[in-house]
Amino acid sequence: MMIIRNITLSLLLLSSTIYMQTRTDKLFEETRITLNDALDRNAQIFKPEDFDKSIDHYNRAVEILKSRGSNSSITEELERSITFMTIMNEEIDKSNDFFKSILTSRKAALNINADKFSPYYWEPAEEGLLEAIAEYDDRNYEVLPSLSNNIINDYSRAILYSEKARDLIFNWKPIQKSDSTLAYLLSPESYTYGLEYYFSAFEGLSNGEEISIINQNVAEAAVYFERAASIAKDFAKVYPPLLTARNEARNAGAENYAAVEWLEAEEILKQAGSEFENKEYDAAREYVEEAIPQYKLCKQIAVKERFLFIPRQEIELAKENDADNYSPICFDNALKSYYQAEKLIESESYTEAEVSSLADYSKTEARKANWITNVIKSVEDGENTWEEVFLKWNIWETLNKPEQSQRTEYVKTEPSEKAPVHQPSRLLSNKIDLDRFTEIDMEVFEEGDNILIRVYNINFRPAGWRLNDQSMSVLNQLKVALEDLEGSQYQISAYTDDVGAQRTNIEISTSRAETIVDYLKQESIYLSPKMTSAGYGEENPIADNDNYDGRKKNNRIEILVSD
C-alpha cells in the first residue's frame, strides 16, 4: 500500500508540474499578444509610464524563468503585465478616436521613413503630438484643434521631403546612369562634383530648406553626372580589355574573396580614369597596363578561395587530428587533389567544372581521412571495439554482396540526341527511410542533390534555448535519421517568430542551433565533425506570425544535409 501511495503521490506531483508549465507557456504567449496589441495602439506614446511598467513585469518573468525560479512567481509577473496592458489598451481606445487623423498622418510618415529622411519636420510633429496628448489628458480641449492642424502639417511636410529624398536615392536616373557606366572610376572628378551637389540637396531636405533651392542643387548634380557618364563610355571604347579583366575578376567574386587586391586594382583603374578625363592619354595607358594584371591576380585569388577554402579547412582539421598518420592514403589523396587544383587555377586554362571536381574530391578525401582517424581512435580509447565498428557500418554485407552476373545482353540501339539521365544522389535514395521516424514532426524537401528537413517539435523553454525534456527523445531519433542519410555536411539552422526584437531573436535562435549541435556531437561520432550551426531569428517566415499556429510553425529547426 505504501508503494502504491508513493507512486500515486509522484504522479500527482508530475501532473501538477506539467500543468503549471503548460499554464506558464500559455501566459507567455498571451502576454506577447497583448503587448503587440498595445504597440498597435501606440501605447508607448499615449501611456509611456504604464507601458514601461508592463514591460518591466514581463522582463522580470523572463529573468525568473532563466534563473529557474518558481512557476508561481513567473505567473504573478505575467498576470501583472497583462493587467497593466489590458487597462492601458482600453483607455487608449478612447483617445485614439480623437487622434485618429494625426495617427494616420504619423503612420504614413513612418512608412516612408520620415523620421530619418526629414527630421526637421518630423521632430516638431512628434513634440506637438506629445503636447496634444498632455492637453487631452488635462481636458484642455479648446487648444487641441489648433495643435492638431500644426501636427498634421508637420507630418505632411515630412512626407513631402521624404518622398523627394527617396526618389533621389532609389529612382533618380542621372546617378543610376552614371553608376552603370562606372563613372565613379572612369571619370572621378566630374562624378565627385556631381556628388557634392547631390549631397547638398540631401542636406537641404534634412534641414527643411526651400524646395526651389533643393531643386537647383539636383539640377547641378545631374549636369555633372551626365558628363561623367559620357566620359566613362569613351574610356570603355578605348580600353575594352581592361574592363573585361575587371568583369571576370568581379564575376569570380574578387570583391569578397580578394578584397585587398581588389581595392588596389580599383585604385589603379581610378588613376587611369582621372588621367583620361584630363586628356593625359599616355599616363592613362600606363595605369591601364598596370591594372590588367592586378585584376587577373584578383580573379586567381578569388577562384582559389571559392573552390579551395573548404578543402583547405578539411585538410587542416584532418592534420590537427593526426589523420596523416592514421589514414595516410586518404590524406595524401586530399593533398594531391588540392595542389592539382591550385596549379590548374594558376595556369589560367581551366573550366570551373574541372576545378570544382578536384576540390570536391580533395574535400571528400580529407573528410574520409578524418572519419577513419576518429573510428581508429575510438577503438584505441576503448569507446568501441572493432566488432562494433564492423557491425555498425555493415562491413560484412558490403564486402560480401552477391556478384552480378557477368553475362551481358547486347541490344542494338539507335543513336539518340537525348541528354544522359541525371542519377539521383545517394541522399535522395536514402530519403524514403525517414518515414519510419514517426516521433519527429518534420517536412522533407529536395534541394537539388541535397535534403532540407524542417523539424517543428524540438521545443525549448519560453524566451530561451534550454531544451524541454520531451525534446530529448526527438533528438535521439533525429540523430539516427541523420546518420542514416550519410550526408557529407549538416547545417543546423534555427528560426523564431517575430515577437520581440530581431537582435534578441537572432541571439536566441543562434543559441538554440548551438544547443542542438552540441547535443548531437556528444551522441554521434559520425555527425560530430560534419555539423555547423546558425541562427536567423525571425527571417524567412514560412507561416503567418499574426496567429498562434503560424508563430509555432515559424519557431522551427531546419537541417540542410549535403551530399
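See above for the structure.
Overview of the structure. (Residues numbered from 1 in each chain as written. Predicted model: local features only at pLDDT ≥ 70, side-chain atom pairs only at ≥ 80, totals over all residues. Heavy atoms only, no water.)

**Things to note about helix 15 (residues 259-277)**
Helix length check: helix 15, at 19 residues, gives a terminal C-alpha distance of 26 Å against a target of 27 Å (1.5 Å per residue), a fit within 8%. Every buried residue of helix 15 is listed here: W262, A265, E266, I268, L269, A272, G273, S274, F276 and E277. The elements touched by buried residues of helix 15 are helix 10 (183-186), helix 11 (188-207), helix 12 (211-238), helix 13 (240-251), helix 14 (254-257) and helix 16 (281-320). Following helix 15 by one or two positions, K279 adopts a phi angle in the positive range, close to 65 degrees. (Helix = DSSP H or I, 4+ residues; strand = E, 2+ residues; numbered from the N terminus. Expected span 1.5 Å × (residues − 1). Buried < 20%, exposed > 50% of the residue type's maximum accessible area, 1.4 Å probe, protein only. Contact = heavy atoms within 4.5 Å.)

**Side note on the side chain of S337**
Its location among the elements puts S337 in helix 18 (residues 328-347). Judged by relative accessible area, which is 4%, S337 ranks as buried. Those residues in contact with S337 that lie beyond four places of it in its chain are L358, Y361 and S362.

**Examining the environment of Y120**
Summarising the element assignment, Y120 is placed in helix 7 (residues 119-137). Residue classification places Y120 among the partly exposed positions, given a relative accessible area of 45%. Separated by 41 residues in the primary sequence, Y120 and Y161 have C-alpha atoms spaced 9.6 Å apart. Not counting residues up to four positions away in its chain, the partners in contact with Y120 are S206, N207 and G208.

**A short note on empty space enclosed by the protein**
What the rule picks out here adds up to 1 cavity of 30 Å³ or more. In this structure, the largest cavity spans a volume of roughly 80 Å³. Taken together, E314, L317, R367, N370, W371, S488, Y526, P529 and K530 make up the lining of the largest cavity. Contributions of two or more residues to the lining of the largest cavity are made by helix 16 and helix 19 (352-380). Per element, the largest residue contribution to the lining of the largest cavity is 3 residues, and it comes from helix 19. Tallied by class, residues from the lining of the largest cavity come to 4 nonpolar, 2 polar and 3 charged. (1 Å grid on protein atoms, 1.4 Å probe; cavity = no way out; pocket = protein on both sides within 12 Å on 5 of 7 lines; lining within 4 Å. Points joined across faces, edges and corners; volume = space filled by probe spheres on them. Nonpolar A, V, L, I, M, F, W, Y, C, P; charged D, E, K, R; others polar.)

**Quick word on the pattern of salt bridges**
Between side chains of opposite charge, a pair can form as their charged atoms come close. If you walk through the whole model with that rule in mind, you get 20 salt bridges. Here E248 and K299 are joined by a salt bridge, their closest N and O atoms 3.7 Å apart. A residue pair is termed long-range when its members are at least 10 positions apart, and E248 in helix 13 and K299 in helix 16 qualify at 51 residues. Of the residues examined, E248 reaches a relative accessible area of 40% and is grouped as partly exposed. On the basis of relative accessible area, K299 is assigned to the partly exposed category, the value being 27%. Across the salt bridge formed by D332 and K336, the nearest N and O atoms sit 3.2 Å from each other. Here D332 pairs with K336, and both are found in helix 18, just 4 residues apart, close to one helical turn. Relative accessible area serves as the criterion here: at 33%, D332 is assigned to the partly exposed category. Counted as one network, the salt bridges with shared partners bring together E29, R32 and R551. (Salt bridge = Lys/Arg side-chain N within 4 Å of Asp/Glu carboxyl O.)

**Thoughts on the nonpolar core**
Counting residues in each nonpolar core, the largest one holds 88 residues, and the members touching the most others are F99, W172, F235 and Y295. Per-element accounting of this core gives the leading share, 11 residues, to helix 16. Apart from the residues within four sequence positions on either side, W172 is in contact with D167, Y198, V218, A221, A222 and F225. Counting residues in each nonpolar core, the second largest holds 30 residues, with L478, Y519, L520 and M531 among its members. (Core = buried A, V, L, I, M, F, W, Y, C linked by side-chain atoms within 4.5 Å.)

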